[in-house]
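Below are the chains, spelled out letter by letter.
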Amino acid sequence: MAQMGRPRTFDRQAAVEQAMFLFWQQGYESTSLSQLKAGLGGGISAPSFYAAFGSKEALFREAAQCYLDTYARVTECLWDDGLAPRQAIELALRQSARMQSEPGHPPGCMVALGCMSAPTPEHAAVAAPLTASRARTRAGFARCVERGLASGELAAGTDGAALAAAFDGFLSGVSIQARDGIGYAVFDGAITQLMRLWDASRLTA
C-alpha cells in the first residue's frame, strides 16, 4: 500500500526557510495558505501541509524561530560583556543595518516588521516570539547604556533611557527605509552620526 502524506522529496527545513521568507516579505495575515503550499517543495497538498506543520500559525512560529536563530543574531553582541558598551552598540547597529539591506532575502527585519504581521487581537499571540525579540534588543541597548554609566564613560547626568531609545528607534526605522530601497551606504553614514550621541554624553563627563 502506497504511503500517503508528504512526498519523498519534501525537505522540511527548506520548507520552513521558504515560509520564513514569505512571512518576512508579506507578514502573517497577508500570506495565504495557497501561497505557502505553492512555495513549499513546488506545491504541497493540503493534507501534506497539515501533516507536516499542523496549521499556518504553527508554521509561522517555526519560521519565526528559524529567523531568530539565524538573521536576528546580528544584535546579540549587545549582551557580550567582552565588548565595550559603545562598541557593542555600534556593532549591533551596523550588523543589523547591513543584514537588512543585503540581497538574497526580503529587505528589512522580520522582528521589527513583526508588529505589523498579526495586528488583529485574535492573531496577536502569533507574533509573540518576535515581540519578545524586540524587547530583548531594547533591553540590550539599555544594558549597554547602563554599563557606560556604571563605568563612568557616560556622564552621570545622561538620560540613559532616552539614549537607549534613540538607538532602538533608529534600528526599527531601518526596516522601513530598507523596504523603501535605502541602501547600506546611507545607513552606515547615519550610524556614524548617531554614535555621536554617545560621544557627546561622554565628552561632558
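Numbering of residues begins from 1 in every chain and follows the order in which that chain's sequence is written. Local features in this predicted model are restricted to residues of pLDDT 70 or higher, and side-chain atom pairs are both shown and tallied only at a pLDDT of 80 or more, whereas totals for entire chains, interfaces and linings draw on every residue. Only hydrogens and water are removed before side-chain values are computed, so all heavy atoms of the structure are retained for them.

1. Brief notes about the packing of helix α7 (residues 128-151) against helix α8 (residues 160-179)
- A fitted line through C-alpha atoms serves as each axis, taken over the contacting stretch for helices, and the angle formed by two N-to-C directions is quoted from 0 to 180°. The helix count covers DSSP runs of H or I at least four residues long, the strand count covers runs of E at least two residues long, and both are numbered beginning at the N terminus. In the contact formed by α7 and α8, the axes pass within 9 Å of each other and the chain directions differ by 140°. Comparing their axes, α8 and α7 come out oblique. Classified by chirality, the crossing of α8 by α7 is right-handed. Residues Thr-137, Arg-138, Phe-141, Ala-142, Val-145 and Leu-149 of α7 pack against Gly-160, Leu-163, Ala-164, Phe-167, Asp-168 and Leu-171 of α8. For classification, angles of less than 35 degrees are called roughly parallel, those exceeding 145 degrees roughly antiparallel, those between 65 and 115 degrees roughly perpendicular, and all remaining angles oblique. Rotating anticlockwise by less than a right angle from the far helix to the near helix defines a left-handed crossing, while the corresponding clockwise rotation defines a right-handed one. Every residue pair with non-hydrogen atoms within 4.5 Å of one another is taken to be in contact.

2. Focus: the nonpolar core
- Residues enter a nonpolar core if they are buried and are Ala, Val, Leu, Ile, Met, Phe, Trp, Tyr or Cys, with the set joined through side-chain atoms within 4.5 Å. Partly exposed describes any residue whose relative accessible area lies between the buried limit of under 20% and the exposed limit of over 50%, with all areas from a 1.4 Å probe on protein chains only and scaled to the type maximum. Counting 30 residues, the largest nonpolar core has Phe-23, Leu-40, Phe-53, Leu-59, Tyr-67 and Met-110 as the members making the most contacts within it.
- Elements with a minimum of two residues in this core: α1 (12-26), α3 (46-53), α4 (56-69) and α6 (110-113).
- Sequence-distant contacts of Phe-23, defined by excluding residues within four places in its chain, comprise Tyr-28, Thr-31, Leu-36, Lys-56, Leu-59, Phe-60, Ala-63 and Met-110.
- Counting 25 residues, the second largest nonpolar core, distinct from the first, contains Leu-83, Leu-163, Leu-171 and Tyr-184.

3. A short note on the pattern of salt bridges
- Between Lys or Arg on one side and Asp or Glu on the other, a salt bridge is scored when a side-chain nitrogen of the former is within 4 Å of a carboxyl oxygen of the latter. Across all of its chains, the model carries 12 salt bridges by this definition.
- Ionic pairing is found between Glu-90 and Arg-94, a salt bridge with its closest N-O pair at 2.8 Å. With Glu-90 and Arg-94 both in helix α5 (residues 85-101), this residue pair falls four residues apart, about one helical turn.
- Judged by its relative accessible area of 15%, Arg-94 is buried.
- Bridged by salt links that share partners, the residues Arg-86, Glu-90, Arg-94, Glu-153, Asp-188, Asp-199 and Arg-202 form one connected network.

4. Some thoughts on the environment of Ala-178
- The topology assignment puts Ala-178 in helix α8.
- For the pair Ala-178 and Glu-102, spaced 76 residues apart in sequence, the C-alpha to C-alpha distance is 9.3 Å.
- In this structure, Ala-178 is in contact with Gln-100, Pro-107, Gly-108 and Phe-187, ignoring residues within four places of it in sequence.

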